[in-house]
Amino acid sequence: MNIEDFAYGVLMEALPSIPADVLEVIADDIDAGEYLTSLIELIERAPETVSVAVVDALEGHLETLPEGPHRRVGADAVARLRHLKTA
């Protein structure tokens with residue numbers, strides 16, 4: 001499974017619990033098929049909707065990406081969420 005497919009699955013599973021204001025922000029990215037971008041935005045804006053298991057899996061997927069903005073931004077979001085979940 002590639003990272004976009006993973007992100008899509010997480011987003012669809014989380015959809016019922018995504019706050020309306022956050023969904024409004026990420027809807028355009030979802031419609032454009034930018035699932036990783038949408039997932040990172042979800043982590044940033046509504047960390048309560050994402051589990052530690054998802055964070056672990058996302059971290060593994062991010063390691064497969066070449067160095068670049070998605071990998072850095074994703075890693076930063078994962079680190080912040082991990083901190084929030086363990087604090």
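Residues numbered from 1 in each chain as written. Predicted model: local features only at pLDDT ≥ 70, side-chain atom pairs only at ≥ 80, totals over all residues. Heavy atoms only, no water.

Student: Even after reading the chapter, I still don't get the packing of aromatic side chains, so can you show me in this structure?
Tutor: Centre-to-centre distance and the angle between the planes together describe a pair of aromatic rings. Using the criterion set out here, one finds one aromatic pair in the structure. Consider the rings of Tyr8 and Tyr35, whose centres lie 4.9 Å apart with planes at 65 degrees: the pair is edge-to-face. A residue pair is termed long-range when its members are at least 10 positions apart, and Tyr8 in helix α1 (residues 3–14) and Tyr35 in helix α3 (residues 35–45) qualify at 27 residues. For Tyr8, a relative accessible area of 38% corresponds to the partly exposed category. (Phe/Tyr/Trp six-rings, centres within 6.5 Å; stacked < 30°, edge-to-face > 60°. Helix = DSSP H or I, 4+ residues; strand = E, 2+ residues; numbered from the N terminus. Buried < 20%, exposed > 50% of the residue type's maximum accessible area, 1.4 Å probe, protein only.)

Student: When you look at the nonpolar core in this model, what are you seeing that I'm missing?
Tutor: In a soluble, globular protein the nonpolar side chains are often hidden away together inside. Formed by 25 residues in total, the largest nonpolar core has its most connected members in Leu36, Leu39, Leu42, Ile43, Val50, Leu58 and Leu62. Of all the secondary-structure elements, those providing two or more residues to this core are α1, α2 (20–31), α3, α4 (52–62) and α5 (69–86). Discounting chain neighbours no more than four positions away, the residues touching Leu58 are Ile3, Phe6, Leu36, Leu39, Ile43 and Val78. (Core = buried A, V, L, I, M, F, W, Y, C linked by side-chain atoms within 4.5 Å. Contact = heavy atoms within 4.5 Å.)

Student: What exactly am I supposed to notice about the pattern of salt bridges here?
Tutor: Here the idea is simple: oppositely charged side chains can pair when their charged atoms come close. Applying the stated criterion across every chain, the model contains six salt bridges. Across the salt bridge formed by Arg82 and Asp56, the nearest N and O atoms sit 2.9 Å from each other. In this pair, Arg82 sits in helix α5 while Asp56 sits in helix α4, placing the two residues 26 residues apart along the sequence. Exposure remark for Arg82: the relative accessible area of 27% places this residue in the partly exposed category. Since its relative accessible area comes to 40%, Asp56 is described here as partly exposed. A salt bridge links Arg71 to Glu67, with the shortest nitrogen-to-oxygen separation between them at 3.8 Å. Judged by its relative accessible area of 25%, Arg71 falls in the partly exposed class. For Glu67, a relative accessible area of 58% corresponds to the exposed category. (Salt bridge = Lys/Arg side-chain N within 4 Å of Asp/Glu carboxyl O.)

Student: Just checking my understanding: could you explain the environment of Pro16 for this structure?
Tutor: With respect to the helices, strands and loops of the structure, Pro16 is situated in the loop between α1 and α2. Look at Pro16 and you get exposed, because its relative accessible area is 74%. Measuring from C-alpha to C-alpha, the distance between Pro16 and Thr49 comes to 9.5 Å, with 33 residues separating the pair along the chain.

Student: Looking at this structure, how should I read the side chain of His61?
Tutor: Position of His61 among the secondary structure elements: in helix α4. Non-local contacts of His61, meaning those with residues more than four positions away in its chain, are made with Met1, Asn2, Ile3 and Phe6.

Student: It is not clear to me how the side chain of Thr49 should be interpreted in this structure. Could you clarify?
Tutor: Relative to the helices and strands, Thr49 is located in the loop between α3 and α4. Under the relative-accessibility criterion, Thr49 is labelled buried at 17%. Separated by 2.7 Å, the side chain of Thr49 and the backbone oxygen of Ala46 make a polar contact. (Polar contact = N/O pair within 3.5 Å; in protein donor to acceptor, adjacent residues only side chain to side chain.)

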